[in-house]
Amino acid sequence: MSQTAAAPMDSSAPRPGPPLWLLAEVTHRCPLHCVFCFNPVDYARHEDELTTDDWVRVLRQGRELGAVQLGLSGGEPLLRDDLEAIVAEAHRLGYYSNLLTSGVGLTAARAASLKAAGLDHVQLSFQDSTRELNDFLSHTKTFELKQRVAREIKAQGWPMVMNVVIHRLNIDHIDRIIGMAVELGAEYLELANTQYYSWAFLNRDQLLPTREQLVRAEAVTARWRDQLGDRMRLFFVAPDYHDGTVKRCANGWGSTMMVVAPDGTALPCHTARMLPGLAFPNVREAGVREIWFDSEGFNRYRGTAWMKEPCASCDQREKDLGGCRCQAYLIAHDAAVADPVCRKSPHHGEVVAAVERAEAGVREQPIQFRDRASSLRLSAGVVALSPSPNSITTG
Ligand code: SF4
Ligand code: SF4
């Protein structure tokens, strides 16, 4: 049965453009166990995966609607044996395709077959510049493997794009992390401050850096940026908890991106499934066009008509669209209020308190690694914890 019941749409709202970016989360399976993993905490409850034919159909429907960029994400997408078939179809359709990977499974043979299938771009994640912390944070021995994979990416002629999720435990290594990216010949390095959703929300006390750490890291990054000039592009994704300013979520709910989860659930961002009272359609039961334009899930928070005060009368509302609905729900338990990282939010005190705990070094819970057993245990009582769409990363 289709879940795409017509949604009450503001009749004055302009019709949205197409989903330019299709993010295919082809699996939640992953050999790593990152403490900041952006997959839903209850991912083990949704282990069903679309078939190759399902993905081909979604790619065709997305392209017909106007999608131009395809992200292949997970979990670890290389665990899918049919990744080459999916990439080949994306290439035939004219997508610009981007593989987001931990590197596990990207052997020389696999890299060559993906290149031959037409893969345009690979983003490789690292946890840290040291073996000890890289392997601790992912709970696997993957540091040397990632170095080998970085060289393989260069050998295939792909642009070398590295991503490192930054937090309290690795932020003081930022100088060495940038140095490592330079040594590996990266053209782009994204230093993405952790967004506190999903597993990172569970581990927030362990992962939130202090203000002093952030100031130091930004200064080091600026120094490298001056030194490197055009040799390497360096992105520092600012942490929203500390600066009190709000970012657009996924460039605006239902404005640019459609995420398709491994089981076919179509979402406006990775984490929206946790929001209560919203029905999200499945690509097995409805077409991409119908989902994008007509489903309740994609229409509920489009534009600004849904806003309450203080957003409703705020002069920033068109710019930030009230921030992230998942963060509002996680912190304020109401997805329709201002993102609590905003200074004007009545719930901003909870964000300030989290930062103050970080300053004081308060850690009430042991660090929690992402794994199936924990997911099943936690999802019995915690179903609302999921990731951030402001930056699309893998660990
Ligand atoms: S009140 Fe709402 S619209 Fe205004 S800055 Fe804060 S989150 Fe953005
Ligand atoms: S963040 Fe880590 S555990 Fe989660 S999908 Fe990425 S590599 Fe796997």
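Everything numeric here is computed off the predicted structure, so don't read it as measured data. (Residues numbered from 1 in each chain as written. Chains lettered and ligands numbered in written order. Predicted model: local features only at pLDDT ≥ 70, side-chain atom pairs only at ≥ 80, totals over all residues.)

1. Here we look at the overall build of the chain
Right, so step 1: For the chain, the count of helices and strands is 16 helices and nine strands.
Right, so step 2: Whereas a compact globule of 395 residues would reach a radius of gyration of roughly 21 Å, the chain reaches 20 Å, a difference of no more than 12%.
Right, so step 3: Taken along its principal axes, the extent of the C-alpha atoms in the chain is 55 × 50 × 45 Å.
Right, so step 4: Burial analysis of the chain (395 residues in total) assigns 49% to the buried set.
Right, so step 5: For the chain, contacts bridging at least 24 residues in sequence account for 76% of all contacts bridging at least 6. (Helix = DSSP H or I, 4+ residues; strand = E, 2+ residues; numbered from the N terminus. Rg over C-alpha atoms; globule rule 2.2 N^0.38 Å. Buried ≥ 20, exposed ≤ 12 C-beta atoms within 10 Å, placed from the backbone. Contact = placed C-beta atoms within 7 Å.)

2. Brief notes about the confidence of the model for the chain
Detailed reading of the predicted coordinates is not advisable wherever pLDDT is low.
Right, so step 1: Taken as a whole, the chain shows an average pLDDT of 91; of its residues, 93% reach a score of 70 or greater.
Right, so step 2: Across residues 1-8, where pLDDT falls below 50, the model places 23 contacts with residues more than four positions away in sequence or in other chains. (pLDDT = per-residue confidence, 0-100.)

3. Quick notes on the packing of helix α1 (residues 52-65) against helix α2 (residues 83-93)
Right, so step 1: In the contact formed by α1 and α2, the axes pass within 10 Å of each other and the chain directions differ by 20°. Judged on the interaxial angle alone, α2 and α1 are roughly parallel. Once α1 is placed against α2, the crossing between them reads as right-handed. Along its contact with α1, which presents Thr52, Trp55, Val56, Leu59, Arg60 and Arg63, the element α2 presents Ala85, Ile86, Glu89, Ala90 and Leu93.
Right, so step 2: The residue makeup of the contact of α1 with α2, split by class, is seven nonpolar, one polar and three charged. (Axes fitted to C-alpha atoms, helices over the stretch in contact; angles between N-to-C directions. Parallel < 35°, antiparallel > 145°, perpendicular 65-115°, else oblique. Left-handed = near helix turned anticlockwise from the far one by under 90°. Nonpolar A, V, L, I, M, F, W, Y, C, P; charged D, E, K, R; others polar.)

4. Some thoughts on the environment of Ala44
Right, so step 1: Mapped onto the fold, Ala44 is located in the loop between β1 (21-25) and α1.
Right, so step 2: With 329 residues separating them along the chain, Ala44 and Ala373 place their C-alpha atoms 8.2 Å apart.
Right, so step 3: Leave out the neighbours within four places in its chain, and Ala44 touches Arg372, Ser375, Leu376 and Ser379.

5. Here's the deal with unusual backbone geometry
The bulk of non-glycine residues show a negative phi, and the bulk of peptide bonds are trans.
Right, so step 1: The residue after Gly74, namely Gly75, is reached through a cis peptide bond having omega 15°.
Right, so step 2: Here Glu309 and Pro310 are connected by a cis peptide whose omega angle stands at 10°.
Right, so step 3: By the element assignment, Pro310 lies in the loop between α12 (296-299) and α13 (317-320).
Right, so step 4: Even without being glycine, His139 reaches a positive phi, approximately 60°.

6. Some remarks on the packing of α2 against helix α3 (residues 108-117)
Right, so step 1: Packing of α2 against α3 brings their axes to within 8 Å, and their N-to-C directions diverge by 25°. In this view, α2 runs roughly parallel relative to α3, as classed from their interaxial angle. Note on packing geometry: the crossing formed by α2 with α3 is right-handed. Here Leu83, Glu84, Val87, Ala88 and His91 of α2 come into contact with α3, specifically with Ser113, Leu114 and Ala117.
Right, so step 2: Residue composition of the contact of α2 with α3, grouped by class: five nonpolar, two polar and one charged.

7. Concerning the pairing of β1
Right, so step 1: Where burial is concerned, most of β1 is hidden: five out of the five residues are buried.
Right, so step 2: Residues Trp21, Leu23 and Glu25 line one face of β1 and the alternating positions Leu22 and Ala24 line the opposite face, and both faces are buried.
Right, so step 3: Inspection of the sheet shows β1 paired to strand β2 (residues 69-73) by five bridges, in the parallel sense. Bridged to Leu22 within β2 is Leu70.
Right, so step 4: For the crossover that starts at β1, traverses α1 and ends in the parallel β2, the hand is right-handed. (Pairing = 2+ DSSP bridges. Right-handed = clockwise from strand over helix to strand, strands pointing away.)

8. Structural notes on the sheet that holds β2
Right, so step 1: Here we have nine strands laid out as an open sheet, ordered β7-β6-β5-β4-β3-β2-β1-β8-β9, and mixed in their pairing. The outermost strands of the open sheet, each flanked by one partner alone, are β7 (233-237) and β9 (266-267).
Right, so step 2: In terms of strand pairing, strand β4 (residues 121-126) meets strand β5 (residues 160-166) through five bridges, oriented parallel. Residue pairing for β5: Gln123 is matched across the bridge by Val161.

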